[in-house]
Amino acid sequence: MKKNLLTIALALVAMVCNAQDKVSTATTWDFESYEKGTVISNGINSINGLYVRGAEAEGHEIMADMRKRTGKFADGTPWKSRIVAAINGNGSLKKDVTSKVRPANDGNPKIDRCFALNTAVPGTLTVIIGPRKAVDDREVFMVFNNQVVATGDASEDKAYELTYKADKPGVFWFGADCQYFVYQVKFTPAQ
């Protein structure tokens, strides 16, 4: 009897943990609760379903930095930032990340220094992202279910809006192949 109860309890815990890593409601993420210079992630951390994938190696941590910017999402909603996530890019990230399906997987130097989101419903992901300084032949990008769905040229020092409307649940990844900032992230479920 005890063994059966333990098995049922473990199964329930696994279901709850699995459900918690999927986003199904309208959610916006920013980094305003951090102080400049603090570590946001030196591992794989979930911030309300947004996986922030840093690593302990020097230069692989995701840090809070000050970068005051304002703008509007394509839907007209204003956004502003004071504190952002600052990340060193990963040149092989786009190729390597497209083969991954679980954002909470153990750390991997090939896919660290990025962000991921697992959705339980169809919807639109919008990311405000930009290079830490303009650099030619580099880009910011978004991947959905193993397909690159949005990119931005990093040759200008500006905040880019990457958006993709998914018609099914799935896994988003985003990052850059240069040093970059993430200002805000927004998921809007399909109506």
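These numbers come from a predicted model, not from an experiment. (Residues numbered from 1 in each chain as written. Predicted model: local features only at pLDDT ≥ 70, side-chain atom pairs only at ≥ 80, totals over all residues. Heavy atoms only, no water.)

1. Remarks on the overall build of the protein
A count of helical and extended segments in the protein gives two helices and 14 strands. Of all intrachain contacts in the protein linking residues separated by at least 6 positions in sequence, the fraction that spans at least 24 positions is 69%. Total accessible area computed for the protein in this model is approximately 9900 Å², and 50% of it derives from carbon and sulfur atoms. (Helix = DSSP H or I, 4+ residues; strand = E, 2+ residues; numbered from the N terminus. Contact = heavy atoms within 4.5 Å. Areas by Shrake-Rupley, 256 points an atom, 1.4 Å probe, with all protein chains shown as cover.)

2. Quick look at the nonpolar core
Ranked by size, the top nonpolar core spans 41 residues in total, and within it Phe115, Leu125, Phe174 and Val182 carry the most contacts. If near-sequence neighbours (up to four positions away) are discounted, Phe174 is found in contact with Leu50, Cys114, Phe115, Leu125, Val127, Ile129, Phe141, Met142, Tyr180, Val182 and Val185. By size, the runner-up hydrophobic cluster in this structure holds seven residues, among which are Trp79, Val84, Ile128 and Phe181. (Core = buried A, V, L, I, M, F, W, Y, C linked by side-chain atoms within 4.5 Å. Buried < 20%, exposed > 50% of the residue type's maximum accessible area, 1.4 Å probe, protein only.)

3. Focus: the packing of aromatic side chains
Using the criterion set out here, one finds seven aromatic pairs in the structure. One aromatic cluster in this structure is built from Phe31, Phe115 and Phe174. When the ring centre of Phe73 is taken as reference, the NZ or CZ atom of Lys186 above it lies at 4.3 Å. (Phe/Tyr/Trp six-rings, centres within 6.5 Å; stacked < 30°, edge-to-face > 60°. Lys NZ or Arg CZ within 6 Å of the ring centre and 35° of its normal.)

4. Some points on the pairing of strand 13 (residues 171-176)
Where burial is concerned, most of strand 13 is hidden: six out of the six residues are buried. Going residue by residue along strand 13, you find Val171, Trp173 and Gly175 tucked away on one face and Phe172, Phe174 and Ala176 tucked away on the opposite face as well. With four bridges connecting them, strand 8 (residues 114-119) and strand 13 associate as antiparallel partners. Paired with Ala116 across the bridge in strand 13 is Trp173. Taken together, the five bridges between strand 10 (residues 139-144) and strand 13 define a ladder with antiparallel strand orientation. Bridging from a neighbouring strand, Phe141 pairs with Gly175 of strand 13. (Pairing = 2+ DSSP bridges.)

5. Overview of the pattern of salt bridges
Tallied over the entire structure, the rule returns five salt bridges. For Asp112, the salt bridge is made with Arg53, and the minimal N-O distance between the two is 3.9 Å. Of the two residues, Asp112 is situated in the loop between helix 2 (93-97) and strand 8 and Arg53 in strand 5 (residues 50-53); the sequence distance between them amounts to 59 residues. Judged by relative accessible area, Asp112 falls into the buried class, the value being 5%. For the salt bridge of Arg69 with Asp157, the shortest nitrogen-to-oxygen distance reads 3.5 Å. Of the two residues, Arg69 is situated in strand 6 (residues 62-72) and Asp157 in the loop between strand 11 (147-153) and strand 12 (160-166); the sequence distance between them amounts to 88 residues. Through salt bridges with shared partners, one network takes in Arg67, Arg69 and Asp157. (Salt bridge = Lys/Arg side-chain N within 4 Å of Asp/Glu carboxyl O.)

6. What to know about the side chain of Ser81
Among the structural elements, Ser81 can be located in strand 7 (residues 78-87). Judged by its relative accessible area of 6%, Ser81 is buried. In this structure, Ser81 is in contact with Glu32, Arg67, Lys68, Arg69 and Tyr183, ignoring residues within four places of it in sequence.

7. A look at a negative patch on the surface
Together, Asp136, Asp137, Asp153 and Glu156 make up a region of like negative charge exposed at the surface. In this fold, Asp136 is placed in the loop between strand 9 (123-131) and strand 10. Since its relative accessible area comes to 56%, Asp136 is described here as exposed. (Patch = residues over 30% accessible without salt bridge, like charges linked within 9 Å, V, L, I, M, F, W, Y side chains within 5 Å. Lys, Arg positive; Asp, Glu negative; His and termini not counted. Charge placed at Lys NZ, Arg CZ, Asp CG, Glu CD.)

8. What about the environment of Gly130?
Mapping Gly130 onto the fold places it in strand 9. Between the C-alpha atom of Gly130 and that of Phe141, which follows or precedes it by eleven residues, the distance is 9.9 Å. Dropping the residues within four chain positions of it, Gly130 is found in contact with Val140, Lys158, Tyr160, Tyr180, Phe181 and Tyr183.

9. Digging into unusual backbone geometry
The phi dihedral of Arg113 is positive, around 70°, even though this residue is not glycine. Secondary-structure assignment places Arg113 in the loop between helix 2 and strand 8. Not every positive phi belongs to a glycine, and Asn146 is a case in point at roughly 75°. Judged by relative accessible area, Asn146 falls into the partly exposed class, the value being 36%.

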